[in-house]
Structures are given as C-alpha cells and as structure tokens.
Amino acid sequence: MKDMETNAESYIEALPMPKTNFLDSEQMQQEYERVCKIKKEILTEKNDCDMEVDICDKPLETQLEYSSIKRLNLELMQEYGLEEWNQQQSLDMVHNLKYQEKNIDKEILDINKKRKFAQKRASNEICKSYYKTKELIEKNIVLEQEILKLKQKEG
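These lines cover the structure that appears in this document, whether it is placed above or below. Model, not experiment: these values are computed from the prediction.

### Describing the overall build of the protein
Counting its secondary structure elements, the protein contains five helices and two strands. Mapped in sequence order, the helices and strands of the protein form the string α-α-α-β-β-α-α. Burial analysis of the protein (155 residues in total) assigns 5% to the buried set. Across the protein, contacts joining residues at least 24 apart in sequence account for 6% of those joining residues at least 6 apart. Only carbon and sulfur atoms are counted for the fraction: they give 57% of the accessible area of the protein, which is about 15,100 Å².

### What to know about helix α4 (residues 60-80)
For α4, spanning 21 residues, the distance from its first C-alpha to its last is 30 Å, which sits close to the expected 30 Å at 1.5 Å a residue. Among the residues of α4, those classed as buried are Gln63, Tyr66 and Asn73. All buried residues of α4 lie within an arc of 90 degrees about the axis, which places them on one face of the element. Within α4, the exposed residues directed more than 90 degrees away from the buried face are Leu60, Glu61, Leu64, Arg71, Gln78, Glu79 and Tyr80. In the segment just after α4, glycine 81 is the residue with positive phi, at about 95 degrees.

### A look at a nonpolar patch on the surface
A contiguous nonpolar surface patch, about 300 Å² in accessible area, is contributed by Tyr11, Ile12 and Leu15. As for its position among the elements, isoleucine 12 is in helix α2 (residues 8-14). Given the relative accessible area of 58%, isoleucine 12 is considered exposed.

Conventions and cut-offs
- Residues numbered from 1 in each chain as written.
- Predicted model: local features only at pLDDT ≥ 70, side-chain atom pairs only at ≥ 80, totals over all residues.
- Heavy atoms only, no water.
- Helix = DSSP H or I, 4+ residues; strand = E, 2+ residues; numbered from the N terminus.
- Buried < 20%, exposed > 50% of the residue type's maximum accessible area, 1.4 Å probe, protein only.
- Contact = heavy atoms within 4.5 Å.
- Areas by Shrake-Rupley, 256 points an atom, 1.4 Å probe, with all protein chains shown as cover.
- Expected span 1.5 Å × (residues − 1).
- Arc of directions from axis to C-beta.
- Patch = residues over 30% accessible without salt bridge, like charges linked within 9 Å, V, L, I, M, F, W, Y side chains within 5 Å.
- Salt bridge = Lys/Arg side-chain N within 4 Å of Asp/Glu carboxyl O.

Below, the structure written as structure tokens:
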C-alpha cells in the first residue's frame, strides 16, 4: 500500500486498460447514428447553385477550408456587390472548365496514342501471320507437287 502511494502515477500507468464492450453495444450504436443524423441535418447547407453540400462527410480540414472560402466569398460579395461577385464566380467557373477541358484533351491524346500503338502492334501480328501462312501454303504446294511426281513415277 505504501508503494502505491509513493508511485501512484507509475502504478496507474502499469495497469492494463479495462476491457469493456460498452462502446460496441447496440445502445451506443443507436445513439451514435442518432447524433450523426442530427449533425448531418444541421450541417447540410445549400450553396449558391442550389446543390446540397454535405459537410459532415468531409474531413475537418476540408470543412475549415470550405467555411473560410464561403466567408471570404460573402465578404467579397458585400464589398464589391452582387454583380461583381457573380461575374468573378463566372470567370472562376470558366477557368475551371478550361482546366478540365485541358485535362480531358490530354486524356484523349493518351488514349489515342495507346490505341494507335495497339493497332500497330496488331497490324504487325497480322502481317507476321499472313507471311507465315503464305510461306506454309507455298511449302504445301511444293509438297503436293512432289507427291504428284512420286505418284507418276510409281504408276
């Protein structure tokens, strides 16, 4: 007992964690689902495009970034007016669309290069097969001619 009083911290640290299934219980699962449902209802907002943005499913950093961008957008809208803000939003959307178009064009070029390479490879295989078949046919003709000669000599 005396040892426990002098080394209380090390005594507690040395104890194993208690094993409990309270957190895994059905009641805790139901409560967790209820709280998440309420949280989602509270945090689900509508943005300017009338699209629902569910913040609850995003990581904390993304939520923070989203909130700061939203606050900055509201400040800019108040400072420069709704018309300027809408114009800037349109320019940003055009910029994003051009960036996406550039990426899609790059993907299309990559796909076309792969397709062209595959077609050339297939064409080479077809040519090889053609020449091999032609060679075999020529050998077959020569063999048939030799067989005919042998039959004529016998008969």
